[in-house]
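Listed here are the chains, written in short residue letters.
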Amino acid sequence: MDTRTPQQKDIRDLSYDELVQYLEKAGERPFRATQIFEWVYKKGVWSFDQMRGLPAPLRKRLSEDFGLGPLAIAQKQVAKDGTTKFLFDLRDHEKIETVLIPTATRTTVCISSQAGCKFGCKFCASGIGGWKRNLTTAEILAQILHVKEEAESHKKPLSHIVCMGTGESFDNYDNLLKALRIVNDERGINIGARRMTVSTVGLIPKIMRFAKEDFQIELAISLHGYNDASRSKLMPVNKKYSFTELMNACREYIKMTRRQITFEYILIKDATCSEEAARELAKNLKGLICKLNLIPYNPVREFPHKPPAHEEMLSFQKRLKTLGVHATLRAPRGRDIAAACGQLRHMQKSH
Ligand code: SF4
């Protein structure tokens, strides 16, 4: 539980350099920052009292100045395949979802970047109640620390981070990137940048800013349409940043970074997997260094869509292949829990 007074910051809001500055001001030696990072991010303690290697007066001072508590867990669901979904209740009682996804080869956490979302994609539960606020760096890191603890309790070290939960990652750019730098820092959680993926709905100015970062995180684009008209039907953001402009920005991003982009593409019956869709998609992705993930639609009560039959998905994938596009069909995870993005949070609100 977050029991901070209004004067207390959360220590996880501080970068390593900011922590060093704080310690120097407090008359402490800078190497204490490395020790504190180790306790918080490697050993995963939730209170300063547990930092046994630190002198008692410093522990006392830290607990007067900062908070370091866990997030309150409102709900936890475990699917048969091990997918574990947490619903966290934040200090102001906004709820956020975080998911642990274990597979044979990796252990991934899918984090939220905002409470709610302002982009209102017409297939996503996260956008239904609108946007509430950005998450702080500390709230983003605390989600990861909870899931890391859960994964390690099953002897599965956390290996990958994906920012594909509630919210638009690039709409909370600064807080998210600050958190991911701490995740990447070898004194912090120490997960390689290539093992992290940030997903965006296509905010072009932020994509160009991201291209200039000295940080090799993978970029995923929620495409979900095969041209301007089809994308506009599902994603209101397409009116501001059109499909055509987005594809041009992606070409520019690849030119600048020499890194591939992952495109996420939702499969909705009678909407996104027609012959026209396959042809247009193949035409628009031609020449791009990219991966294409096909995601079967996970039904949300408020929307009329249905997922296509499995055979239809396979034949769409096959058709793309004949057109020169290699696409991966994502296996549904956690089907027996509310695993679609934002569903658990939304269900809590509407009950
Ligand atoms: S898909 Fe992403 S951007 Fe769109 S409403 Fe859901 S959370 Fe927001």
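Rules behind the numbers
- Residues numbered from 1 in each chain as written.
- Predicted model: local features only at pLDDT ≥ 70, side-chain atom pairs only at ≥ 80, totals over all residues.
- Heavy atoms only, no water.
- Pairing = 2+ DSSP bridges.
- Helix = DSSP H or I, 4+ residues; strand = E, 2+ residues; numbered from the N terminus.
- Axes fitted to C-alpha atoms, helices over the stretch in contact; angles between N-to-C directions.
- Contact = heavy atoms within 4.5 Å.
- Salt bridge = Lys/Arg side-chain N within 4 Å of Asp/Glu carboxyl O.

Q: Would you mind showing me how to read the sheet that holds strand β11 (residues 218-222) here?
A: Backbone-to-backbone hydrogen bonds pair the strands of a sheet. The strands run either parallel or antiparallel. Strand order across the open sheet formed by 10 strands is β3-β4-β5-β6-β9-β10-β11-β12-β13-β14, with mixed pairing between neighbours. With one partner strand each, in any of the chains shown, β3 (72-78) and β14 (327-329) form the two edges of the open sheet. Averaged over all adjacent pairs, the angle separating strand axes in this sheet is 20°, with direction ignored. As paired strands, strand β13 (residues 290-296) and β14 are joined by three bridges and run parallel to one another. Opposite Leu 294, over in β14, you have Leu 329 as the bridge partner. Along the sheet, helix α5 (residues 173-184) makes contact with β9 (160-163) and β10 (196-200), crossing β10 at roughly 170°.

Q: Explain the pattern of salt bridges to me, please; I cannot follow it from the model alone.
A: Between side chains of opposite charge, a pair can form when the charged atoms approach closely. Counting across every chain of the model gives 20 salt bridges. Here Lys 76 ties to Glu 150 by a salt bridge, and the two come within 2.9 Å at their closest N and O atoms. Residue Lys 76 is found in strand β3, and its partner Glu 150 is found in helix α4 (residues 137-153); the two are separated by 74 residues along the sequence. A single salt-bridge network, built from bridges that share partners, covers Asp 92, Arg 133 and Glu 139.

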